[in-house]
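So the chains spell out like this:
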Amino acid sequence: MPYCPRCQQSVDSQAIACPHCRSLLKAHGHPGIPLHRALGQEFLCQSCRYHLDDSCTFPQRPYAKECTLYRNQSTPPTTVQSETMTSRFGQWLRRYTWLILGMFALLLLLL
Ligand code: SF4
Ligand SMILES: [Zn+2]
């Protein structure tokens, strides 16, 4: 069972927010989108694979304290195929983040 990065209490793996301290654990209110958080004074990018291979184009790099696409550089890939697909999706998502956000904002304005 995972632990809350803020209060260290055990939390359900599908929990959107910590039931103890209310810290957000998932992004966009979706249980399938983990929200990674930096601890203390550190930045996530310092240990992120996408920072080290210079493929990240997020504007918050290299000072991200929260990120949905953080990937610890020391975490071994599970399989070559899933790593490639995750990496490609991550690159696509980073490349088109502002376009997706713009389209989402436009959709909200139209509703
Ligand atoms: S994916 Fe997130 S944590 Fe990784 S380098 Fe980019 S902004 Fe930093
Ligand atoms: Zn908590």
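What counts as what
Position labels on residues start from 1 in each chain and follow its written sequence. Chains carry letters and ligands carry numbers; both start at the beginning, A for chains and 1 for ligands, and go up in the order they are written. Only residues with pLDDT of at least 70 are given local features in this predicted model, and only at 80 or more are side-chain atom pairs given and counted; all residues enter the totals for whole chains, interfaces and linings. Only DSSP runs of H or I with at least four residues qualify as helices, and only runs of E with at least two residues qualify as strands; both kinds are numbered from the N terminus onward. Around each residue's C-beta, the other C-beta atoms within 10 Å are counted; 20 or more make the residue buried, 12 or fewer make it exposed, and counts in between make it partly exposed. All C-beta atoms are placed from the backbone. pLDDT runs from 0 to 100 and stands for how confident the predictor is about each residue. Between the first and last residue of a helix there are one fewer steps than residues, each counted as 1.5 Å, and that sum is the expected span. For the purposes of this analysis, a nonpolar core is taken to be any set of buried Ala, Val, Leu, Ile, Met, Phe, Trp, Tyr and Cys residues that are connected through C-beta atoms within 7 Å. Placing a C-beta atom from the backbone of each residue, one calls two residues in contact when those atoms lie within 7 Å.

1. Brief notes about unusual backbone geometry
A cis geometry characterises the amide bond from Arg-61 onward to Pro-62, with omega recorded as 5°. The backbone phi angle of His-28 is positive, close to 60°, even though this residue is not glycine. With respect to the helices and strands, His-28 occurs in the segment before strand E1 (36–37). His-28 gets classed as exposed once you count the C-beta atoms within 10 Å, which come to 11. Residues other than glycine seldom take positive phi values, yet Asp-54 does so here, at roughly 60°. Along the chain, the position of Asp-54 falls in the loop between helix H1 (49–52) and strand E2 (66–67). Judged by local crowding, Asp-54 falls into the exposed class, with 8 C-beta atoms found within 10 Å.

2. Overview of the confidence of the model for the protein chain
The predicted model of the protein chain has a mean per-residue pLDDT of 87, with 90% of residues at 70 or higher. H1 holds the highest mean pLDDT among the elements of the protein chain, 94, whereas helix H2 (residues 80–95) holds the lowest, 71.

3. A short note on helix H3 (residues 97–110)
When the terminal C-alpha atoms of H3 are compared, their 20 Å separation across 14 residues agrees well with the 20 Å that a helix rising 1.5 Å per residue should span. A small share of H3 lies buried, amounting to 0 of its 14 residues.

4. A closer look at the nonpolar core
Counting residues in each nonpolar core, the largest one holds 9 residues, listed as Leu-44, Cys-45, Cys-48, Tyr-50, Cys-56, Ala-64, Cys-67, Leu-69 and Tyr-70. Once residues lying within four places of it in the same chain are set aside, the contact partners of Cys-67 are His-36 and Leu-44.

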